[in-house]
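Topology and contacts: notes
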Amino acid sequence: MKPFSVIIAALFCGWVSCIAQTSDYKSVEVEAFSQTIADANVVCLDVRSAEEYATGHLADAINIDVRKPDFEPRAVTTLPKGQMVAIYCRSGKRSKMAADILVKKGYQIVELNSGIIGWTKAGKPTTTEAVDLFSTKKGTSIYIYSIKHGSVRMKIGDKWLYVDPVSNGVAPATDFTAMPKADYILVTHEHFDHLDSLAIRQLTKDETTLIVNPKSHEFLGGIGEAMKNGEKKNLSKIIKLNAVPAYNTTKEKLQFHPKGRDNGYVLTIEGFCIYVAGDTEETPDMKKMGNVDVAFLPCNLPYTMSVEQMVSAAKTIKPKVLFPYHYGETDVNQVVKSLEGSGVDVRIRPYK
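Residues numbered from 1 in each chain as written. Predicted model: local features only at pLDDT ≥ 70, side-chain atom pairs only at ≥ 80, totals over all residues. Heavy atoms only, no water.

1. A few points about the overall build of the chain
In terms of regular secondary structure, the chain is built from 10 helices and 19 strands. Along the longest, intermediate and shortest principal axes, the C-alpha atoms of the chain span 95 × 45 × 35 Å. Here the chain holds 352 residues, and 51% of them are scored as buried. Within the chain, contacts between residues at least 6 apart in sequence are counted, and of these 58% link residues at least 24 apart. (Helix = DSSP H or I, 4+ residues; strand = E, 2+ residues; numbered from the N terminus. Buried < 20%, exposed > 50% of the residue type's maximum accessible area, 1.4 Å probe, protein only. Contact = heavy atoms within 4.5 Å.)

2. Description of the sheet that holds strand β9 (residues 159-163)
Taken together, the seven strands give an open sheet; going across it, the order is β6-β7-β8-β9-β10-β11-β12, and neighbouring strands pair in mixed fashion. Looking at strand neighbours, the two that pair on one side only are β6 (131-135) and β12 (225-226), the edges of this open sheet. Here β6 runs beside strand β7 (residues 141-148); their pairing, made up of five bridges, is antiparallel. Following the sheet pairing, Val 131 is matched in β7 by Tyr 145. (Pairing = 2+ DSSP bridges.)

3. A look at the nonpolar core
Membership of the largest hydrophobic core comes to 53 residues, with the highest contact counts inside it found for Ile 144, Met 154, Leu 267, Ile 274, Tyr 275, Phe 296 and Leu 322. In terms of residue count, the dominant contributor to this core is helix α9 (residues 307-317) (six residues). If near-sequence neighbours (up to four positions away) are discounted, Leu 267 is found in contact with Met 154, Leu 161, Leu 186, Leu 235, Ile 239, Lys 240, Leu 241, Phe 272, Cys 273 and Ile 274. Ala 130, Ala 182, Ile 200 and Leu 210 belong to the second largest nonpolar core, which has 40 residues in total. (Core = buried A, V, L, I, M, F, W, Y, C linked by side-chain atoms within 4.5 Å.)

4. What to know about helix α5 (residues 93-104)
With 12 residues, α5 extends 18 Å between its outermost C-alpha atoms, agreeing within 8% with the 16 Å of an ideal straight helix rising 1.5 Å per residue. In this structure, the buried side of α5 is in contact with β2 (43-46), α3 (50-55), α4 (71-78), β4 (85-88) and β5 (109-112). Phi turns positive, to about 95°, at Gly 106, one or two residues after α5. (Expected span 1.5 Å × (residues − 1).)

5. A word on the layout of surface pockets
Within this model, the largest pocket holds a volume of roughly 1600 Å³. Taken together, 50 residues make up the lining of the largest pocket; nearest its centre are Asn 63, Arg 74, Asp 345, Arg 347 and Arg 349. Along the walls of the second largest pocket sit 21 residues, with Ile 37, Leu 58, Ala 59, Asp 60 and Tyr 145 positioned nearest its centre. Classifying every residue of the lining of the second largest pocket gives 13 nonpolar, two polar and six charged. (1 Å grid on protein atoms, 1.4 Å probe; cavity = no way out; pocket = protein on both sides within 12 Å on 5 of 7 lines; lining within 4 Å. Points joined across faces, edges and corners; volume = space filled by probe spheres on them. Nonpolar A, V, L, I, M, F, W, Y, C, P; charged D, E, K, R; others polar.)

6. Side note on unusual backbone geometry
For the peptide bond that leads from Ala 171 to Pro 172, omega is -5°, which places it in the cis range. Mapped onto the elements, Pro 172 comes out in the loop between β9 and β10 (184-187). A cis amide bond links Leu 301 to the next residue, Pro 302, at an omega of 5°. Mapping Pro 302 onto the fold places it in the loop between β17 (294-298) and α9. Positive phi, normally seen in glycine, also occurs at Asp 60, with a value near 70°. Positionally, Asp 60 belongs in the loop between α3 and β3 (62-63). Judged by its relative accessible area of 39%, Asp 60 is partly exposed. A positive phi angle, near 45°, is found at Asp 164, a position not held by glycine. Here Asp 164 is to be found in the loop between β9 and β10. Overall, the relative accessible area of 0% leaves Asp 164 in the buried class.

7. Examining α4
Taken together, the buried positions of α4 are Phe 71, Ala 75 and Thr 78. With its buried residues spanning 75° around the axis, α4 presents them on a single face. Buried positions along α4 lie against β3, α5 and β6. (Arc of directions from axis to C-beta.)

8. Overview of empty space enclosed by the protein
Enumeration over the complete set of coordinates arrives at one cavity of 30 Å³ or more. The space that makes up the largest cavity amounts to roughly 40 Å³. Residue lining of the largest cavity: Ile 62, Asn 63, Ile 64, Arg 74, Thr 78, Val 131, Asp 132, Leu 133 and Arg 347, and that is the complete set. Where the lining of the largest cavity is concerned, the elements lending two or more residues are β3, α4 and β6. With three residues, β6 is the single largest residue contributor to the lining of the largest cavity. Residue composition of the lining of the largest cavity, grouped by class: four nonpolar, two polar and three charged.

9. Describing the sheet that holds β5
The five strands lie next to each other as β1-β5-β4-β2-β3, forming an open sheet whose pairing is parallel. Looking at which strands have only one partner, the edges of the open sheet turn out to be β1 (26-28) and β3. Across three bridges, the pairing between β1 and β5 is parallel. Pairing of Lys 26 across the sheet is with Val 110, part of β5. Set on the sheet, α5 makes contact with β1, β2, β4 and β5; between it and β5 the angle comes to about 175°. (Axes fitted to C-alpha atoms, helices over the stretch in contact; angles between N-to-C directions.)

Everything listed here is a matter of geometry and, on its own, says nothing about what the molecule does.
Here it is in structure tokens:
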């Protein structure tokens, strides 16, 4: 008979072997994790709840709740297969759960063993800026950051694009000098909460392309390039831009955004379509939009859409993901409820 200690050792070795086969990911401490996510090609994934994420998270971290029943399909749809994914949660338990799931799906995973608790104890920074990640069929990553109101920034591959950046005109004040310089700036129209010369100056570098509607072009003294409704432009080899109509249709609102003056913008990146509507109500032009992957629609009475109009517009456009924006005091959670079961993924971000 074998000694008891030999039997225990054999069982332990078998257990370790089993773990090595089923948990094929790296679990690291704070400094190693910090070095990992410093690589721009690494996707940082927060697997806590949306409520936990909103209180503070790592910069550039996207959020998919591992405890939600749709975690696996959402993760597979969102995360690019060719890139490493760095996962964390509160203390390290949920991140290990997520790592096990994603390793089986073929992802290369690094997991923060001590979670965001260990991260903050080590004095590492967090942010409350929400981030969403999308990928084109060719694998180009598109990060979308919510700033506020109608101000949006996107990282498309290695290019930075801003829509309607506003510094002090809308609370809270935004210091754009703390953000990456813009490769492209798009301005929908000349109202103070969309056109801000200070923000444009803070974001501009020698190579920045500024696109504005004709009225904003006048306000800026001829700076930038004016695009009218219906005009198209290639911003780069992979980014195509189309200026589309944005206007009021309700009789008592026509003075706010008259037809033909303001722009919405459609960005097409390797077939991936993003529609930023600008200040508009639901219009007949939306029926011609075609396939839309991501849409930004305004919801702020009396100037833009009501909740009912936004829901109707969403059902017309049928985007895969809808971001209600420019919503002020509107309860946009009504949009979420109204579009349940429609196939539109409504994501509420801080665009007050």
